[in-house]
Amino acid sequence: MTERMDLGSLAGEAYKAMAGLDRFVAASTLAKPLLELVRLRASQINGCVYCVDMHSSDAKRAGESDARLHAVAVWREAPFFTSQERAALAFTEAATRLSTADVTDEVWEQAAAHFTQQELAALVVAVATINAWNRMGVAARMTPESYK
């Protein structure tokens, strides 16, 4: 796979705008490890190698175990995740796969049961933001930093 372009240098203002969304999410009360699991799962679904590499590494630095990181793709079957994490991952999958389904009331209510309204708003922004990053990364075929 060959990187198609350096979006960071060609679309710097767009990157700054996206970074603003990331700052909003980082300032929320959502736990960093939870955010990295959400980002990792969306990136797996979207097939963004750059973001899978980045967010698995970031999750590891945030204290995630190898067992949990390896199980994110099969979180429904894995015993490693809390009910709050499961709600966040279910929401992430539903909001990432909008072309094949909807964020059902059941998924929304499950997330709302585990997060405050402010946290839920931050989760919505986090999922939307990582999906946008993924689309840029996939389209430009961004090469993971760890391989450069």
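It should be noted that the structure appears before, not after, this text.
Parameters at a glance
- Residues numbered from 1 in each chain as written.
- Predicted model: local features only at pLDDT ≥ 70, side-chain atom pairs only at ≥ 80, totals over all residues.
- Heavy atoms only, no water.
- Helix = DSSP H or I, 4+ residues; strand = E, 2+ residues; numbered from the N terminus.
- Rg over C-alpha atoms; globule rule 2.2 N^0.38 Å.
- Buried < 20%, exposed > 50% of the residue type's maximum accessible area, 1.4 Å probe, protein only.
- Contact = heavy atoms within 4.5 Å.
- Areas by Shrake-Rupley, 256 points an atom, 1.4 Å probe, with all protein chains shown as cover.
- Lys, Arg positive; Asp, Glu negative; His and termini not counted.
- Charge placed at Lys NZ, Arg CZ, Asp CG, Glu CD.
- Phe/Tyr/Trp six-rings, centres within 6.5 Å; stacked < 30°, edge-to-face > 60°.

### Details of the overall build of the protein
Each helix and strand counted, the protein has eight helices and zero strands in total. What you see in the protein, going N to C, is helices and strands ordered as α-α-α-α-α-α-α-α. For a compact globule of 148 residues, the expected C-alpha radius of gyration is about 15 Å, and the protein comes in at 15 Å, within 12% of that figure. Its C-alpha atoms give the protein principal-axis dimensions of roughly 40 × 30 × 30 Å. Considering the protein as a whole, with its 148 residues, one finds that 42% of them fall into the buried category. Contacts in the protein between residues far apart in sequence, at least 24 positions, make up 67% of those at least 6 positions apart. By element, 57% of the accessible surface of the protein is carried by carbon and sulfur atoms, the whole surface being about 7900 Å². The centroid of the 15 positive side-chain charges in the protein is displaced by 5 Å from the centroid of its 18 negative side-chain charges.

### Here we look at the packing of aromatic side chains
Two numbers describe a pair of aromatic rings. These are the distance of the centres and the angle of the planes. Enumeration according to the criterion identifies three aromatic pairs in this entry. Between F80 and F81, the ring centres sit 6.5 Å apart and the planes meet at 80°, which makes this aromatic pair edge-to-face. Overall, the relative accessible area of 7% leaves F81 in the buried class.

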